[in-house]
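Structure assessment
Residues per chain are reported as follows:
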Amino acid sequence: MDKKEIQGKIRKLLKERKAILLAHYYQRDEVQEIADYLGDSLGLSMEAAKTDAAVIVFAGVHFMAESASILSPEKTVLLPRADAGCPLSDMIAVEQLLAAKRQYPDATVVTYINSSAEIKAHSDICCTSANALKVVQSIPGEGPVLMIPDGNLARYVAQRTKKTIIPWEGFCPIHHHLTAAQVSRVKAIHPDAVFAAHPECTFAVLALADFVGSTTAILSYAGEPQVRKLIVGTERGIFCQLQNRYPGKVFIPASEEMLCEDMKHTTLADILVSLAEMKHIVKVPEAVRIPAKRSLDRMLELS
Ligand code: CIZ
(Lines give C-alpha, C1' and ligand atoms only; values in the text may rest on other atoms or scores of the structure.)
Protein backbone atom coordinates (compact mmCIF):
# COMPACT_ATOMS: atom_id res chain seq x y z
CA MET A 1 0.00 0.00 0.00
CA ASP A 2 1.32 3.46 -0.76
CA LYS A 3 1.18 6.35 1.69
CA LYS A 4 -2.00 7.94 0.35
CA GLU A 5 -3.83 4.62 0.30
CA ILE A 6 -3.00 3.78 3.91
CA GLN A 7 -3.79 7.34 5.03
CA GLY A 8 -7.19 7.01 3.30
CA LYS A 9 -7.88 3.70 5.05
CA ILE A 10 -7.01 5.22 8.42
CA ARG A 11 -9.31 8.20 7.87
CA LYS A 12 -12.13 5.82 6.88
CA LEU A 13 -11.64 3.64 9.97
CA LEU A 14 -11.45 6.70 12.22
CA LYS A 15 -14.89 7.70 10.96
CA GLU A 16 -16.35 4.21 11.40
CA ARG A 17 -15.03 3.94 14.95
CA LYS A 18 -16.09 7.51 15.89
CA ALA A 19 -12.45 8.06 16.68
CA ILE A 20 -10.05 10.98 16.49
CA LEU A 21 -6.34 10.90 15.84
CA LEU A 22 -4.25 13.09 18.14
CA ALA A 23 -0.61 13.50 17.12
CA HIS A 24 2.38 15.19 18.69
CA TYR A 25 4.61 17.59 16.73
CA TYR A 26 7.45 15.07 17.07
CA GLN A 27 5.61 12.35 15.13
CA ARG A 28 6.55 11.26 11.62
CA ASP A 29 5.46 13.70 8.87
CA GLU A 30 3.05 11.21 7.29
CA VAL A 31 1.29 10.77 10.65
CA GLN A 32 1.11 14.52 11.30
CA GLU A 33 -0.47 14.96 7.84
CA ILE A 34 -3.64 13.06 8.78
CA ALA A 35 -4.09 14.02 12.43
CA ASP A 36 -7.40 15.55 13.57
CA TYR A 37 -5.45 17.51 16.07
CA LEU A 38 -1.75 18.19 16.16
CA GLY A 39 -0.05 19.77 19.13
CA ASP A 40 2.19 19.70 22.16
CA SER A 41 1.37 17.85 25.38
CA LEU A 42 -0.64 20.77 26.72
CA GLY A 43 -2.75 21.18 23.59
CA LEU A 44 -3.20 17.43 23.21
CA SER A 45 -4.33 17.07 26.86
CA MET A 46 -6.83 19.87 26.39
CA GLU A 47 -8.16 18.27 23.23
CA ALA A 48 -8.41 14.85 24.94
CA ALA A 49 -10.38 16.45 27.77
CA LYS A 50 -12.94 18.10 25.49
CA THR A 51 -13.44 15.72 22.58
CA ASP A 52 -16.76 13.91 22.23
CA ALA A 53 -15.23 11.13 20.12
CA ALA A 54 -15.67 7.60 21.50
CA VAL A 55 -12.10 6.59 20.75
CA ILE A 56 -8.85 8.54 20.95
CA VAL A 57 -5.94 7.20 18.92
CA PHE A 58 -2.82 8.73 20.38
CA ALA A 59 0.13 9.09 18.03
CA GLY A 60 2.62 9.93 20.72
CA VAL A 61 4.23 8.17 23.65
CA HIS A 62 2.83 6.27 26.60
CA PHE A 63 2.54 9.11 29.15
CA MET A 64 0.51 11.13 26.64
CA ALA A 65 -2.00 8.32 26.13
CA GLU A 66 -2.18 7.94 29.90
CA SER A 67 -2.97 11.65 30.25
CA ALA A 68 -5.79 11.25 27.72
CA SER A 69 -7.16 8.28 29.69
CA ILE A 70 -6.90 10.20 32.98
CA LEU A 71 -8.84 13.13 31.53
CA SER A 72 -11.36 11.10 29.53
CA PRO A 73 -11.87 7.79 31.36
CA GLU A 74 -15.10 7.03 29.49
CA LYS A 75 -13.24 7.00 26.16
CA THR A 76 -11.19 4.20 24.71
CA VAL A 77 -7.61 5.43 24.37
CA LEU A 78 -5.40 3.57 21.90
CA LEU A 79 -1.63 3.80 21.72
CA PRO A 80 -0.65 2.28 18.35
CA ARG A 81 2.79 1.26 19.63
CA ALA A 82 2.87 -0.18 23.13
CA ASP A 83 6.66 0.29 23.17
CA ALA A 84 6.54 4.06 22.57
CA GLY A 85 7.87 5.27 25.91
CA CYS A 86 9.73 8.28 27.23
CA PRO A 87 13.18 7.86 28.82
CA LEU A 88 12.69 11.12 30.76
CA SER A 89 9.50 9.88 32.37
CA ASP A 90 11.38 6.72 33.45
CA MET A 91 13.95 8.80 35.35
CA ILE A 92 11.90 8.96 38.51
CA ALA A 93 10.21 6.07 40.33
CA VAL A 94 7.39 6.43 42.85
CA GLU A 95 9.61 5.30 45.77
CA GLN A 96 12.15 7.98 44.83
CA LEU A 97 9.48 10.66 44.72
CA LEU A 98 8.10 9.56 48.08
CA ALA A 99 11.61 9.73 49.56
CA ALA A 100 12.10 13.24 48.11
CA LYS A 101 8.77 14.31 49.59
CA ARG A 102 9.96 13.08 53.01
CA GLN A 103 13.21 14.98 52.52
CA TYR A 104 11.40 18.23 51.56
CA PRO A 105 8.09 18.05 53.45
CA ASP A 106 7.27 21.75 52.75
CA ALA A 107 7.86 21.52 49.02
CA THR A 108 5.12 21.75 46.42
CA VAL A 109 5.69 19.04 43.82
CA VAL A 110 5.45 20.36 40.25
CA THR A 111 5.56 17.48 37.81
CA TYR A 112 6.34 17.76 34.13
CA ILE A 113 3.65 16.11 32.05
CA ASN A 114 6.39 13.77 30.75
CA SER A 115 5.86 11.44 33.70
CA SER A 116 3.85 8.33 34.55
CA ALA A 117 0.28 8.48 35.87
CA GLU A 118 1.51 7.16 39.22
CA ILE A 119 4.03 9.98 39.56
CA LYS A 120 1.32 12.51 38.66
CA ALA A 121 -0.88 10.93 41.35
CA HIS A 122 1.74 11.76 43.99
CA SER A 123 2.22 15.34 42.74
CA ASP A 124 0.56 18.65 43.56
CA ILE A 125 0.30 20.08 40.05
CA CYS A 126 1.50 19.23 36.55
CA CYS A 127 3.19 21.49 34.03
CA THR A 128 4.38 21.33 30.44
CA SER A 129 7.25 23.16 28.81
CA ALA A 130 4.66 25.67 27.56
CA ASN A 131 3.43 26.67 31.02
CA ALA A 132 6.08 25.62 33.59
CA LEU A 133 6.87 29.16 34.72
CA LYS A 134 3.19 30.12 34.95
CA VAL A 135 2.47 27.00 37.02
CA VAL A 136 5.35 27.71 39.41
CA GLN A 137 4.33 31.37 39.75
CA SER A 138 0.77 30.30 40.58
CA ILE A 139 1.88 28.46 43.72
CA PRO A 140 0.99 30.50 46.80
CA GLY A 141 3.41 31.08 49.67
CA GLU A 142 7.15 31.10 50.09
CA GLY A 143 7.80 27.35 50.29
CA PRO A 144 10.19 25.52 47.97
CA VAL A 145 9.13 23.84 44.76
CA LEU A 146 10.34 20.36 43.87
CA MET A 147 10.36 20.19 40.07
CA ILE A 148 10.45 16.69 38.61
CA PRO A 149 11.72 14.97 36.53
CA ASP A 150 13.52 17.37 34.11
CA GLY A 151 16.46 19.15 35.74
CA ASN A 152 17.12 21.44 32.77
CA LEU A 153 13.53 22.69 32.69
CA ALA A 154 13.68 23.20 36.47
CA ARG A 155 16.87 25.28 36.20
CA TYR A 156 15.38 27.31 33.34
CA VAL A 157 12.36 28.13 35.52
CA ALA A 158 14.58 28.80 38.57
CA GLN A 159 16.29 31.61 36.70
CA ARG A 160 12.96 33.33 36.12
CA THR A 161 11.30 33.10 39.50
CA LYS A 162 12.07 34.17 43.05
CA LYS A 163 10.84 30.82 44.34
CA THR A 164 13.31 28.24 45.54
CA ILE A 165 13.39 25.45 43.00
CA ILE A 166 14.71 21.99 43.86
CA PRO A 167 15.47 20.27 40.53
CA TRP A 168 15.26 16.53 40.00
CA GLU A 169 18.20 15.40 37.86
CA GLY A 170 16.31 13.70 35.06
CA PHE A 171 16.70 14.77 31.43
CA CYS A 172 15.39 14.22 27.92
CA PRO A 173 18.33 12.53 26.15
CA ILE A 174 17.47 14.19 22.83
CA HIS A 175 17.66 17.73 24.21
CA HIS A 176 20.24 17.13 26.92
CA HIS A 177 22.81 15.73 24.51
CA LEU A 178 22.79 18.75 22.24
CA THR A 179 26.05 20.51 23.08
CA ALA A 180 27.04 24.17 23.01
CA ALA A 181 29.92 23.21 20.69
CA GLN A 182 27.47 21.69 18.16
CA VAL A 183 25.31 24.82 18.27
CA SER A 184 28.33 27.11 17.90
CA ARG A 185 29.47 25.15 14.84
CA VAL A 186 26.07 25.51 13.16
CA LYS A 187 25.93 29.20 14.11
CA ALA A 188 29.36 29.74 12.55
CA ILE A 189 28.11 28.20 9.26
CA HIS A 190 24.92 30.32 9.37
CA PRO A 191 25.89 33.62 11.01
CA ASP A 192 22.70 35.26 9.71
CA ALA A 193 20.43 32.75 11.48
CA VAL A 194 18.82 33.06 14.92
CA PHE A 195 18.74 30.12 17.30
CA ALA A 196 15.66 28.80 19.15
CA ALA A 197 16.10 26.18 21.88
CA HIS A 198 13.78 24.04 23.94
CA PRO A 199 14.03 24.47 27.74
CA GLU A 200 14.90 20.77 28.07
CA CYS A 201 18.33 21.72 26.64
CA THR A 202 21.26 22.36 28.97
CA PHE A 203 22.08 25.72 30.51
CA ALA A 204 25.12 26.08 28.20
CA VAL A 205 22.95 25.60 25.10
CA LEU A 206 20.21 27.92 26.35
CA ALA A 207 22.85 30.60 26.91
CA LEU A 208 23.41 30.64 23.12
CA ALA A 209 19.72 30.94 22.25
CA ASP A 210 17.93 33.99 20.87
CA PHE A 211 14.68 32.38 21.94
CA VAL A 212 13.76 29.64 24.43
CA GLY A 213 10.38 27.97 24.39
CA SER A 214 8.18 24.91 23.99
CA THR A 215 7.43 23.48 20.55
CA THR A 216 4.32 25.65 20.30
CA ALA A 217 6.28 28.72 21.32
CA ILE A 218 9.06 27.92 18.82
CA LEU A 219 6.43 27.54 16.07
CA SER A 220 5.05 31.00 16.91
CA TYR A 221 8.51 32.54 17.15
CA ALA A 222 9.37 31.15 13.70
CA GLY A 223 6.39 33.10 12.33
CA GLU A 224 7.73 36.45 13.49
CA PRO A 225 8.69 38.65 10.53
CA GLN A 226 12.30 39.25 11.66
CA VAL A 227 12.94 35.48 11.74
CA ARG A 228 14.05 34.49 8.22
CA LYS A 229 16.55 31.75 9.02
CA LEU A 230 16.21 29.68 12.18
CA ILE A 231 18.50 27.11 13.82
CA VAL A 232 16.16 24.78 15.66
CA GLY A 233 17.13 23.19 18.98
CA THR A 234 14.39 20.64 19.42
CA GLU A 235 13.28 17.29 17.99
CA ARG A 236 13.30 17.02 14.18
CA GLY A 237 9.56 16.25 13.93
CA ILE A 238 8.82 19.95 14.35
CA PHE A 239 10.30 20.65 10.90
CA CYS A 240 7.13 19.29 9.29
CA GLN A 241 5.07 22.11 10.82
CA LEU A 242 7.77 24.75 10.44
CA GLN A 243 8.08 24.08 6.70
CA ASN A 244 4.29 23.81 6.15
CA ARG A 245 3.56 27.03 7.98
CA TYR A 246 6.46 29.13 6.74
CA PRO A 247 7.48 27.83 3.31
CA GLY A 248 9.58 30.92 2.51
CA LYS A 249 11.82 30.57 5.55
CA VAL A 250 14.93 28.50 6.17
CA PHE A 251 15.11 26.03 9.06
CA ILE A 252 18.32 24.34 10.11
CA PRO A 253 18.64 21.56 12.72
CA ALA A 254 20.98 22.42 15.58
CA SER A 255 22.03 18.77 15.34
CA GLU A 256 21.03 15.96 12.99
CA GLU A 257 20.93 13.71 16.07
CA MET A 258 17.85 15.34 17.59
CA LEU A 259 15.56 12.44 16.72
CA CYS A 260 13.38 10.75 19.33
CA GLU A 261 13.17 7.08 18.41
CA ASP A 262 10.16 6.57 20.67
CA MET A 263 8.23 9.28 18.87
CA LYS A 264 9.21 7.79 15.52
CA HIS A 265 8.10 4.25 16.43
CA THR A 266 4.53 4.93 15.32
CA THR A 267 4.05 4.29 11.60
CA LEU A 268 0.91 4.62 9.48
CA ALA A 269 0.72 0.79 9.44
CA ASP A 270 0.73 0.75 13.27
CA ILE A 271 -2.15 3.22 13.36
CA LEU A 272 -4.14 1.17 10.86
CA VAL A 273 -3.64 -2.04 12.86
CA SER A 274 -4.41 -0.21 16.09
CA LEU A 275 -7.77 0.94 14.76
CA ALA A 276 -8.61 -2.36 13.08
CA GLU A 277 -7.83 -4.41 16.20
CA MET A 278 -8.62 -1.72 18.81
CA LYS A 279 -5.20 -1.99 20.45
CA HIS A 280 -3.27 -1.11 22.59
CA ILE A 281 -5.80 0.16 25.08
CA VAL A 282 -4.32 2.46 27.73
CA LYS A 283 -6.44 2.61 30.87
CA VAL A 284 -5.34 4.10 34.17
CA PRO A 285 -6.82 2.40 37.28
CA GLU A 286 -9.21 4.65 39.25
CA ALA A 287 -7.03 4.66 42.39
CA VAL A 288 -4.26 6.30 40.37
CA ARG A 289 -6.42 8.21 37.91
CA ILE A 290 -8.32 10.32 40.42
CA PRO A 291 -5.31 11.86 42.22
CA ALA A 292 -3.43 12.13 38.89
CA LYS A 293 -6.40 13.99 37.39
CA ARG A 294 -6.32 16.45 40.29
CA SER A 295 -2.73 17.39 39.35
CA LEU A 296 -3.59 17.71 35.66
CA ASP A 297 -6.79 19.66 36.36
CA ARG A 298 -4.91 22.18 38.50
CA MET A 299 -2.65 22.82 35.53
CA LEU A 300 -5.48 22.96 33.00
CA GLU A 301 -7.37 25.48 35.15
CA LEU A 302 -4.46 27.88 34.55
CA SER A 303 -4.63 27.47 30.76
O1 CIZ B 1 5.27 19.38 25.94
C2 CIZ B 1 5.53 18.67 24.98
O3 CIZ B 1 4.70 18.21 24.24
C4 CIZ B 1 6.94 18.39 24.67
C5 CIZ B 1 7.45 17.04 24.93
C6 CIZ B 1 7.62 19.31 24.09
C7 CIZ B 1 7.05 20.61 23.77
O8 CIZ B 1 7.66 21.62 24.06
O9 CIZ B 1 5.96 20.68 23.21
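Residues numbered from 1 in each chain as written. Predicted model: local features only at pLDDT ≥ 70, side-chain atom pairs only at ≥ 80, totals over all residues. Heavy atoms only, no water.

Side note on the site of the ligand
As a structural note, the neighbourhood of the ligand is formed by His24, Tyr26, Asp40, Ser41, Asn114, Ser129, His198, Ser214 and Thr215. The separation between an oxygen atom of the ligand and a polar side-chain atom of Ser129 is 2.7 Å. Relative to its free-state accessible area of 260 Å², the ligand is covered by the protein chains to the extent of 97%. Here the shell around the ligand spans two domains, since at least three of its residues come from each of domain 1 (3-87 + 263-283) and domain 3 (178-256). (Near = heavy atom within 4 Å. Polar contact = N/O pair within 3.5 Å; in protein donor to acceptor, adjacent residues only side chain to side chain. Areas by Shrake-Rupley, 256 points an atom, 1.4 Å probe, with all protein chains shown as cover. Domains from an automatic or database assignment.)

A look at the pattern of salt bridges
One pass over the full model with this rule turns up 15 salt bridges. Of the charged contacts in the structure, one is a salt bridge between Glu277 and Lys279, with a shortest N-O distance of 3.2 Å. Judged by relative accessible area, which is 30%, Lys279 ranks as partly exposed. What you see here is one network of salt bridges that share partners, running through Arg81, Asp83 and Asp270. (Salt bridge = Lys/Arg side-chain N within 4 Å of Asp/Glu carboxyl O. Buried < 20%, exposed > 50% of the residue type's maximum accessible area, 1.4 Å probe, protein only.)

Some words on the confidence of the model for the protein
Scored by pLDDT, the protein comes out at a mean of 97, with 100% of its residues at no less than 70. Per-element mean pLDDT across the protein ranges from 88 in helix 3 (residues 41-50) up to 99 in strand 11 (residues 229-233). (pLDDT = per-residue confidence, 0-100. Helix = DSSP H or I, 4+ residues; strand = E, 2+ residues; numbered from the N terminus.)

Digging into the pairing of strand 9 (residues 194-197)
Across four bridges, the pairing between strand 9 and strand 11 is parallel. Residue pairing across strands places Val194 opposite Leu230, the latter belonging to strand 11. Here strand 9 pairs with strand 10 (residues 211-212) via two bridges, running parallel. Across the sheet, residue Ala197 finds its bridge partner in strand 10, namely Val212. (Pairing = 2+ DSSP bridges.)

Focus: the nonpolar core
Among the nonpolar cores identified, the biggest contains 66 residues, and Val110, Met147, Phe195 and Met299 are the most heavily contacted of them. No other element matches helix 4 (residues 62-71), which puts six residues into this core. If you look at the next biggest cluster of nonpolar residues, it comprises 33 residues, including Tyr221, Val227, Leu242 and Leu272. (Core = buried A, V, L, I, M, F, W, Y, C linked by side-chain atoms within 4.5 Å.)

Comments concerning the environment of Glu74
Mapped onto the elements of the fold, Glu74 is located in the loop between helix 4 and strand 4 (76-78). For the pair Glu74 and Ala54, spaced 20 residues apart in sequence, the C-alpha separation works out to 8.0 Å. A polar atom in the side chain of Glu74 sits 3.2 Å from the side chain of Lys75.

Digging into the sheet that holds strand 6 (residues 125-127)
Pairing is parallel in the open sheet, where four strands are placed in the order 6-5-7-8. Across the chains shown, the open sheet's two edge strands, defined by having one partner strand only, are strand 6 and strand 8 (165-167). Going across the sheet, the axis of each strand differs from the next one's by a mean of 30 degrees, ignoring polarity. Relative to strand 8, strand 7 (residues 145-148) runs parallel, the two being bridged by three bridges. Across the sheet, residue Leu146 finds its bridge partner in strand 8, namely Ile166. (Axes fitted to C-alpha atoms, helices over the stretch in contact; angles between N-to-C directions.)

Regarding the environment of Glu224
With respect to the helices, strands and loops of the structure, Glu224 is situated in the loop between helix 12 (215-222) and strand 11. Residues Glu224 and Ser184 lie 40 residues apart in sequence; the distance between their C-alpha atoms is 23 Å.

Regarding the side chain of His24
In this fold, His24 is placed in strand 1 (residues 19-24). Judged by its relative accessible area of 4%, His24 falls in the buried class. Non-local contacts of His24, meaning those with residues more than four positions away in its chain, are made with Gln32, Leu38, Gly39, Asp40, Ser41, Leu44, Ala59, Met64 and Met263. (Contact = heavy atoms within 4.5 Å.)

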